Every structure is written in structure tokens, then in C-alpha cells.
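Reading the structure
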Amino acid sequence: MAVTRYARREHATPFRRGGPETAKIGSVPFGGGSALRPPAVTVRIRPVAEGGGEIMGLRGLLGRWPVVRQLTGPDRHGLGVAVRSPRTDTLRGRVATADRVVKSICPYCAVGCGQNVYVSGGEVVQIEGDPDSPISRGRLCPKGSATLQLTTGDARERMVLYRRPYGTEWEPLELETAMEMVAERVVRTRRATWQEHHQGKRVARTLGIASLGGATLDNEENYLIKKLMTGLGVVQVENQARVCHSSTVTGLGTSFGRGGSTTFLQDLQHSDCIVIEGSNFAEAHPVGYQWVVEAKLRGATIIHVDPRFSRTSAMADLYVPIRAGTDIAFLGAIVNHVLSEGKDFREYVLNYTNAATIVNDDYKDTEDLDGVFSGFDPETRGYDVTTWHYKGPEVQAASGHRIRIGEYHTPGRGESHGSGGAPVTRLPESDPTLTHPRCVYQILKRHFARYTPALVEETCGIPPELFARVCDAVTSNSGRDRTTAFAYAVGWTQHTVGTQYIRTASILQSLLGNIGRPGGGIMALRGHASIQGSSDIPTLYNLLPGYIPMPFAHTDENLDTFVDVVSTHKGFWADARHYVVSLLKAYYGGAATPDNEFCFGHLPRLTGTHSTYDTVMAQLAGECKGMFLFGENPAVGHANAALQRKGMANLEWLVVRDLSLIESATWWKDGREIRTGEMRTADIGTEVFFFPAASHTEKSGTFTNTNRLLQWHHAAVEPAGDRRSDLWFVYHLGRKIRERLAGSTDPADRPILDLTWDYPEEGELREPSADAVLREVNGYGPGGRLLGGYTELRGDGSTSCGCWIYCGVFADGVNQAARRRPHTEQSWVSPEWGWAWPMNRRTLYNRASADPDGRPWSERKAYVWWDAEQGRWTGHDIPDFVDDRPPDYRPPDDASGVDALSGIDPFIMQGDGKAWLFAPAGLMDGPLPTHYEPQDTPCENPLYRAHRSNPARLLYSHPGNLYHPPGNEVYPYVVTTYRLTEHFTAGGMSRWLPYLAELQPEMFCEVSPQLADERLLEHGGWATIVTARGAIEARVMVTDRVPPLRMNGRVIHQIGLPYHWGPNGLTIGDPANELTSIVLDPNADIQESKATTADIQPGRRPRGPGLVRLVETFRRRAGIGERTGLEV
Amino acid sequence: MSERTAEAATRLPQVQEETGYADHPPRMGFFTDTSVCIGCKACEVACKEWNQLPADDPLEFTGMSFDNTGQLSASTWRHVAFIEQRKPMRAPTGAGDDGAGDLRLLMASDVCKHCTDAACLDVCPTGSLLRTEFGTVVVQEDVCNGCGYCVSACPYGVLDKRERDGRVWKCTLCYDRLVDDLTPACAKACPTESIQYGPLDELLERAAARVRDLHEDGVTDARLYGHDPADGVRGNGAFFLLLDRPEVYGLPPAPMDTTRDLPSIWRHAAAAALTLAAGVAAAFALERR
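Thresholds applied
Residues numbered from 1 in each chain as written. Chains lettered and ligands numbered in written order. Predicted model: local features only at pLDDT ≥ 70, side-chain atom pairs only at ≥ 80, totals over all residues. Helix = DSSP H or I, 4+ residues; strand = E, 2+ residues; numbered from the N terminus. Expected span 1.5 Å × (residues − 1). Buried ≥ 20, exposed ≤ 12 C-beta atoms within 10 Å, placed from the backbone. Core = buried A, V, L, I, M, F, W, Y, C linked by C-beta atoms within 7 Å. Contact = placed C-beta atoms within 7 Å. Axes fitted to C-alpha atoms, helices over the stretch in contact; angles between N-to-C directions. Parallel < 35°, antiparallel > 145°, perpendicular 65-115°, else oblique. Left-handed = near helix turned anticlockwise from the far one by under 90°. Nonpolar A, V, L, I, M, F, W, Y, C, P; charged D, E, K, R; others polar. Domains from an automatic or database assignment. pLDDT = per-residue confidence, 0-100. Pairing = 2+ DSSP bridges.

All names here are of chain A. The terminal C-alpha atoms of helix H7 (residues 219-232) lie 20 Å apart, and with 14 residues this matches the ideal 20 Å at 1.5 Å per residue to within 8%. Counting buried positions over the 14 residues of H7 gives 14, a clear majority of the element. At the exit of H7 stands Gly233, carrying a positive phi of roughly 85 degrees.

So, in C-alpha cells, the structure goes:
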């Protein structure tokens, strides 16, 4: 590592001979802009005690001899002053002597800790927390603390590597040649696989190319990837958000109108109770956890509900063990407790939720139909959702706007509620007494009536006394004067009912009046530096920037019908046309005119789901021929890792961009299938290009953290060798492709040639300007004026905007995301640190923090309120409401859009302005959450015998993706996966670092002493864990922290598996995802990797072909075939 | 518990004066509050990153809960211990604690104690070990000859020789940061302020208040360790709030300055030598007669 151990300063010694004084070193040349302040460097100068120094020469020389100093000075024992060496006297840290300090953001999880990057002599010499950050306050977790090793360590690749088809080794390749080769492959594959029409409809796309990754990249990079791919007609664009938090978007989006966390980390300090469920908060987001600790120190009750007692549980006041995959039963029972005990916050519920709204007469509940809602078609395994709608007149609005529910519900559309609700009946009937049998409140009561403490015990394994304590804590800490927050992560999202997990929490928090209020809310904890950003500016197949859905071939033939179908009649989502047209202007510039519908026809069309798991199937089928990987490692990190590798082995070409040689880059050489003999390197025709990526310290751009907060990180140094930013790669690739296609008259090439693709280049490396890209994202008005917010957007082509929800990030021509006013110099909300969407609001729906009359619910919980004198909303945060709309405003019946929002509609993106207890639209598997068992489960569904699992779940029947028979004894144990503090996701940024590798050096499994007895497992020994998909080995950790659960006399054991390991890097181990299957939530296409079943046996797994035989033996014993587990 | 609190507020000796620093900053140190430690090990990594320490070999699973570091060493100057216990965090209140409710996971970041009476300092024959103007104890890497006397002298087993290098290494309390008024790397990184750095007198007051709060909250196990100038090392420059007896964390319950008895040993040896000499002299004198 190119770091000098101790940098020295020649002229400023901290230990000088002279009188007592203190010197302030102000001359340390810190650079990087006026906003950067050098740390206060105070040097204490020690006074002279031994009176030497004035006479130089012999006496001076002698005086440096420690013995003389000891005998003549005050340090007679020679323990201090007398024995100081010259080196000690002149010692300075490399932070104090650095040439400059550059402001950056940690590249690991989505807490978004501020970092100071210290540069000396053109090299990064130290990376530390930035004390100015209001989120992290200068602190970093072990991963953040290891970023110096991440960015300057020798694990990073430096040059391009090439594997020719059927080749057995990497070969060197010139960067320029590699770029030309990739451009040639893209053009060739695109042409060969171009689909102008599909099933009689125009689709204008290619399914031959896919792109995966983006959550670890900058927003600007995601923007260019999606723009280029869309221009090329590539629809299979996906990133980690699919496999991590896509169900957050659908769950929170349908409930409240936006798919992001409703609150921000710092606000947790104001909670009176925090329920952490489905999250290993302290381990996966340690620096964010400081706000939980802060709340605890202020007296809050912390509850952790989890299959494992982890480092998160250690700090909790109450730990509640739960069977993985049963949270809806648990949360539903709290909902039932609240409803049956009348503990809901009635005034909040009446005014701010849809509790009083009457539902269509044809609606039938799962309680009526034994496990399915009305509209279910067992043939298609899908719902016709029309019966779920509100009861009301079917009015044709003057604008021609009508509700097209049937057309609206197409696969993947649920995520378009990331910032905009689903369309609903205008002016529905309602009953403010909440007694009408078909009002939402009564439907909710009936639906959850059987979710009792007894059911919780039988299903989740939670004793009734413990459950009662949770109910008490949550309800006694909710109301006018107290608030409870929920925090979750992928423990909730990664299920076949992931969306509905989050819906259940949304219902509960709405009933308790905890949304939009300080210390309340639902904190969605995201796990990649910009995974929120890669959802907002999506590299996702079903979304365009700002949660505008990708058009469907069957319904969205032209701009008018498209806008008509996706937008709402009321609220800010009614202006969807402005947002869509402005995006098209940003994409296609001058080519987009009113006459050609602003090039709406250039957008490729969807015909079904094209999630990353569908892409794997397309690869296996030979349909998808080329793929890009941008910092994502599916060979370890995605469900059914073996199928991921087999899919890649069927590609013609693969481009991998990463810091190190991750498993997804080397599977053709040393993957598990090569070792078992299932594949031979010499038989694999995939051409592999490895491009070394630039690190976050080598490029500028924004990350969007888990608070929806955009934070700009400045480049500190230039990348070395062939390392380049993803912005560079995508920009120059696009340039080369466009050069190749220049002059083409093929109409299929029009979209790519019409793209605006002229970004300023900077420096010798010709790095495109991230600043210019962010300006395009922000959007321009007439005359090239940077827009100040999305309300300025127009649908007539006069404005352009790359992502309407990010409009305002460059307000007043200032990069608002780069603002770094220290938290100590502003309010606790810190509105001048970075920029949050929407419109820099930190707590969403904060109108709800005031009562219907606009007064704070209580003094203690005051946040945003109506200032009658000023005629405006005001408070600690920017009001998430129409600025000057009085609380008593009620719109006329014929009002539409923003004008139709009443003074008591805090959920301004929703079609009715309310939080949805019942979701009349937007979801594919039910308007209310229902407990269904996971796909692989040891248990019956005690509620519905006819439907054990979600009947609308997405199954992938493939010989390589077999499911377990329900309740099968061959795979008797529940398996759940989790993160460790010391590692990161699929390991690409942690397993290669010595400082992190040594902290968690081997893959292990956690089992209870009882399970260890049952299966003869030895603590510290080895175990083999087997499912129908594969088998892995792990070191055994026998611990009380994974308690067996007692469920009506039956004992269920659970096994905990960290999922970080793979065969490459410094610390190696088997990936947990060898065990998981591909079975998805129908709303969000997210896999069920948090709950499956397995067997565990003592000892290591077989090597070579024996491994395949072992898995087969288990399958045979369980009687598994391709139809197993496909029951509706 | 009031005696404990009173104890905690006691001031630790300002050792700098004993080592020739006439005018000096207040004695600085660490207060590690293990009751808010989340076991993230940021301290371990931040320490290694700042001090550019080598990673420890071999990469092997220890099975000691989340701890794979094992102990402080020449290359690991912060070590987080994990202790899984069947014991409720709070004293039982009678309300139904069951099953997992009585499980607790204790986490504590250990470090060099920077003793008031530092035996390592006393035994060092080269003057490599040094008391700084902040009252901390550091090894001067340009002076150390690797004799290892300090290794056996340390009552906590902190000092360790790096075999490939031949010298002894330990926590410097980031002396090279303190000279620029910067917080030590571990304390700066700590996400939950479990590791606090500052003037020891202030830290002691804060620690006493924290113990009081925890006791009021029913966490009656909370206690301070290493804060007492009356203990065998006259108190530590790095002291701790623990939730169980020190030995549970692998800390010596009654650490003793291993050189404490040296003067008395020397006195006895001198007396014996004198006696012997006198006897011999007497024998000769008697002989001549």
C-alpha cells in the first residue's frame, strides 16, 4: 500500500524548547474549495524544564543523550521527558500533514456516512468520518473504517482482462480495444435479436441484452445506464434494488403514495418506542443505529423481533424470537389488538386514512373465500382486481380522465407507486361513523379478527405473554403525545408476500397515527450506498426515472393513453403528463416534438415481467445473449446462485465491471460447476470482458441514502491504470455505438441516434461531467434555466427533466446535494445538508404531524403546523403539502389535480389524499395482507387450509429450481439468511480486505444446542446444509441466540446463515444462495430468500461430482419433481 | 451504590508531573462504556487503518461468538470481546421473562489501560516505553530493541512482540493524533460513543453518572473497572463500564503493578547482601585474630 506510515513535518514540532505557549497551525494547506475547513489544529508546546538549548555545540549534543537528560532534568526515573526520541518529538499524523481534504460519502450501506478523504502527494492517505455530517456525526463502522484499504489496497484490479470464448485463462487487452469490441458486440447482438413486434403489438426492443447493477453506483451513472439501454431498446435493466427492496416501493408506495422511507434516521431519536423487525439494524447499519441508542438513552423502549438474537437484540429492551416467514401473522395480530381494544388514534384515522371509505359491493375477503380475495383466477394464478375498488359513481371526468383499473394492473406496475398512488374512484362513498359493514374499518376488523395471540403462538412461536408486552409497548407509546417507529430491512422484503409484510406495518402505523410525525414512521433501511437512488433513477426494467412506469405494449400505445392509465385524478400524480414529457425531452432533446408525441414511440415496450430472474430464464433459454454487470455479483448474491452461473454460461458475451475479480467474473474458470464436473471451461463459449472500476474516491457524483437524501461526493484523485468510472464506461460506450450506427436509416436505430449524448469531457481520461448529468436530471426550463422544483414542469415540451422527483437538486444553479453546512450550525433536521427528494422534505406526509385544524397534536410532538397569520404551513421541516392550503379548505367536487387536495389530505400523492388501510388498487395479490406460509415451509397455514402459500406468487418451474414439498421431513429446518457487520452483501467489497476478512474469516451457520444435539453437530466443527437446489458447508456455531420455537407443542428449529461468502477473495466459503430458490412476490418480483427449509448434517460436503449426488439423494428421498410445490 | 459513585468521581493522579512534564495538558484517556457497545468492531478496524497494522493470521473461525480476534496483540490494539450469557439484563421484576428473555450478549472493546503505575514503563531498559505529556504510555518504535521485559511485566497481557518484526507494539492512544488535538481513531469511529476520549477527570464524572442511570434503570450489574486510584495500578488511563465481573470479560479482577514490590525486594536483597558482607568481613576479622 502506497501509504507512508507516519508523515512528518519538518518545521512544526509539537515538542519544542521554549516558553509555555499554544500555537495554532493555520498554514496547513488544506484545499478543495472554500466550503472545506481545515480541522482546528492546535499544537501544545511543552515548556522547558531542564533549561537547555540556549548553548549549542557540545553541550547541545550531550543534552540529547537521554542519560544526561535523566541525570540533569526533572525526569529522574527516565520514564518521560528524558527518554523522548527525536522521532517522538516530531511525530505528526498524516491527517494533519495532508495536502488537502476532500469531502466524500461512504460507499457501503445506505446510511450515507460523511467521509473526509485526506490526500498527500496525489495519493489518498487516510479516510475518516466527517464530523459535520448530521447523519453520522463523524463516525464510521468497520466497513467505513476500512475504505482506505478498499480504495488503495492491492485487491483492486488495475487492467482490463479478457477471456476469449472457450479460453482457459485471462488475457490482457487494451482498454480502447476492449471498448470497441464491446460496442461491436452490442450493435451485433441488438441487430440479431431486435423485436419490432411481439404478439401483434409494437415493442421496439431487444431481449438479447441485459444489464444488472447500479445500487453501488452514483445516480448519474444509473441515469446514463438507463438512458443508453432504453435508447438501445434494452428492457432487461435491473439492479440490486430488485433483490433487496423492490417490495418496499410497492408496499410503502401503495400505502402512502411514495415508496421511500417515510422518515429519516436522525428522527429516530425522538421515538418513544422503536420496533426493529426484519432488520439486523445494529449489524447492517451500525452508524445509523446511533439514533436508536440515542432514543434508548432518552428512555425509549427498543424491541427487536427476529429469528436470531443478534447484536441488534443485545441493545433491545425486549427480544422477541419469531419463525422466519410469519411476520404478517404477528403484525396482523397487533392490528387486531388495536382494533378490538379500540386503541386506534381515532381522530387521525378518521381524517387521514381511508378507514371510512366504502368498498365495492362485489368485494369478497379471504375470510369469505377461504384464502383468496374476490377476482382470483386459479388458471392464471392472478387477480382481476376490479372488485376491490371503492364504491362510488363511475364518473367520466371532463378531461377524459377515467379509471382503467384492468389495464392499469400489469406486471411490475406496483413499483410505479414509488412516487405516485394508484388511480382510484373519485368521490367514493364514506361513513364517518365507521359502522357501515363495508367501510374499510369494518372490513379490516373482520379480516384480522382471527389474528389472535393464540394464532401468533401457533404460527410464529411467540408466547402470548411476550406478544402482550409488544402490544402494550406499541400502543402505550402511540397517540397525541407519543410516537412509535418501525424499522425494517430485507427480513421483510425478501418474501413471496414481502410487499404485504410492509403493508401490514403500514396499516398498523396508520391506525396508531404514527405516519408523518416526529419519532414515528416506517424506516426502510436500505443496504447499498445508492440503492434508493437506483430505484428513483431506476436501473429497473419496469420503471423510468421518477417511478414513471415503462410503457406496456398492450395498453400504452400512445402518450395520451399511457398518461391516462398511469396518473391519478387528484393530487400531484395527476400531473404525470408533465413529468413524462419532460423526461422525453431530457432523453431525446430536439428530436422530441409535440408532433411525434415527444418520441414516446422510441421507448421500448414491456409485455410481461423482465426481472433479473426472468433474464436468467431467458439466458438459459438462449434468448438473452449479452450481459453487463455493474458492481453486482449474482453468482453469490442472487437466489439460486447455481442457476445464475448456468445462465451466464449460456451467454455469448459478458461484461463485468468491478473493483476485484468477483465470482461473477471467474465462474467459467473456477465456479462450483467446474469443480463438480457439471461444466467444463473448454466447453463454455462465453466471452468475458473484465473492466476494473474506479472507486468512490476517484469520481464525483451523488449517492441517495436511505433517508432519500442525495449527497455529492467529490473525486479526490484520478483512477490509475485502466480503472474508470461507470459514467466514463457508459458514456464512451454510447459514443462508440452511436458512431457505429451514424447515418443508419433503419427506424430501429432512431431512438439511439436521437438520444442527447453530448456531455462535457474533463481531464486526460475524458471523464464525462457528472455535474452536467445531474443538471440534466434536475431539468431545464425555457432559455436553459435550471428548474427549482417539479411544480415548474410542463407537458408542452417547454421543460426537460431527467427525473422529476429530483427536480430542484440544482435549484438556483447550485448543486444542493453538495451542501455541507455542519449539523452543529443548524437545526436537528439539518435541511442544509445535502438535498432530499421530494423538494428537500425530510419527513414525508408531515402535514399529518398536525391535527385536522393544523395545530400540533401535542407540544411534545410538534413538527409542522399551520400559521394562520402568515397563511402558510411552517415548522421544523419543509411542509410536505401545498404551502398555503388552509386546513379547512374543502375542494369543489369538480376540482382535479392539486386543486382537489383538501386541507386534510396529507398523502398528497395518493388518488384520495389518504393513507391506505385497504389498498383498492395497485397490488397484484390482495388489498389486505394475509398470512401465507413461505414457499418452502415446515408448517400448515392455520388460517387457510386450501391455500398454504400466496396463491399469486410467481413460480419458476425449472429442473435447476426445484421446490420442497410443503411440510416435508427431509428438509425439516427453517433457514434464514442475514448480514454481519464485518461484511458487505455478496462480499465484493469486504472479502478482499484483510482488515474485514480477519474479523469474520469463515462461513458459519448458527444452530441451537438442541438442534446440535439432534443432528450431532459439534461447536466449531463443520456442517453441511442441503436443499433441493444445492448443498453448502459451514463452520458450526452452537448458540442460544437461535432459540428453538415451541408452537402448540411442536418444536421448530431455525438455522441462521450469513450470505456474504463465495469462493474468491481472502476469506472464502460457500454462498448461502446455493440453497435458495427463485420464487417471487408478484408485486415486486423479489425472491423469497429470507425463509426456506433445509436439512443439516455434521461434517463437510463432498467435493467434485459427489456434491451433485448428495443433493440428488436428498431430492429423491423427498420425492421431488418439477411439479412439486406448485400448488395454488 | 453511592460509595461506588463517590469512588468514580475520584481524580486519577496527573502522572505527567512524575515524569518531568512541568506544564502539560490534562491527563487524557478512554472511557469505554460497554453498555452501549454494539460489537461492530469499527474500533478494531479504525485502529488498524490509522496505525497501518498488519492483519492477523490465520483466517480462522474461533467459535467465540462474533469474536474472531481473540485478544489484544502486537497487531491488534483494540479487541472486542463477546460474551453470551443466560442472564437477564435487568434484575427480575416478576413480569414474565421467559425463554430468550434472559439471554444477553455482552460486548466490550478492550485496549491498553495506560496505567498510572505502568510496569511496562518501569522495566523497559532502553527507554523505549514512554510516558507522554498526555499521561499515556507509548512504545517508541525507533528505540525498542524487542527485549520483551515489558511483555511479561504487563498485568493485563497487553504488550506483545510482533515476531516478524522483532519489536513490541501496543496502543499508543494515537499519540500522533493527540499532538494535533485529534481524537484517537477508535473513539472517533465508534458509532455509539461506547468509546469516549477526553480528559480523564471529565470521563470519570460522566462514567459515574452513567452508572447511576443504569442502576436506576434496573441494570444493577453495571460497575466501573480501572477507574480507582486505590487499585493495584493506581487506576487506568483507559477505564471501563462493565455489566458483569471483570473476569467474565477476560480482565484481571485485581490487577497489580508487577513492579510494585521491586523497591521492597531490592531493600531486602540489599539488606541480605549487607548482612552477608558483614558476616564475611566479620569472619575475616575474626580469622586474623
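The omega torsion across Trp837 of chain A and Pro838 of chain A is -5 degrees, close enough to zero to call that bond cis. Going from Asp57 of chain B to Pro58 of chain B, the amide bond is cis rather than trans, its omega being -15 degrees.

As a further point, take the nonpolar core. Core analysis: the largest hydrophobic core is formed by 365 residues, its most contacted members being Ile274, Ile303, Val335 and Leu584 of chain A together with Ala46 and Cys120 of chain B. The contacts of Ile303 of chain A, once residues within four sequence positions are left out, are Cys273, Val275, Ile276, Ala316, Asp317, Leu318, Val320, Val470 and Ala473 of chain A. Core analysis: the next-biggest nonpolar cluster, separate from the first, contains 35 residues, Leu1017, Ala1034, Ile1055 and Tyr1059 of chain A among them.

Residues and elements named next belong to chain A. Following both chains from N to C, one finds H7 and helix H29 (residues 726-741) inclined at 25 degrees, their axes separated by 9 Å at the closest point. What the angle tells us is that H7 and H29 run roughly parallel. The chirality of how H7 crosses H29 is left-handed. Every residue of H29 that contacts H7 at Glu220, Glu221, Leu224, Ile225 and Leu228 is listed here: Asp726, Leu727, Val730, Tyr731 and Gly734. Of the residues that constitute the contact of H7 with H29, the class distribution is six nonpolar, one polar and three charged.

Next up on the list: the domain arrangement of chain A. We note that the domain assignment places domain 1 (21-90), domain 2 (103-152), domain 3 (161-239 + 535-559 + 569-806) and domain 4 (954-1118) within chain A. Using C-alpha coordinates to define each centre, domain 1 of chain A is positioned 58 Å away from domain 3 of chain A.

Residue and element names in this part refer to chain B. Confidence in the prediction for chain B averages 92 pLDDT; 92% of positions are at 70 or higher. Contacts for the low-pLDDT stretch residues 1-9, under 50 throughout, to residues beyond four places or in other chains number 16 contacts. This stretch, residues 94-100, has a pLDDT under 50; its non-local contacts, to residues over four places away or in other chains, come to twelve contacts. Scored by ipTM, the complex comes to 0.93, with pTM at 0.94.

A few words on the pairing of strand S24 (residues 709-713) of chain A. All names here are of chain A. Where burial is concerned, most of S24 is hidden: five out of the five residues are buried. Burial of the side chains of S24 extends over both faces: Leu709, Gln711 and His713 are buried on one face and Leu710 and Trp712 on the other. Strand direction decides the pairing type here: strand S23 (residues 701-704) and S24, joined by four bridges, are antiparallel. Bridge pairing links Thr704 to Leu710 in S24.

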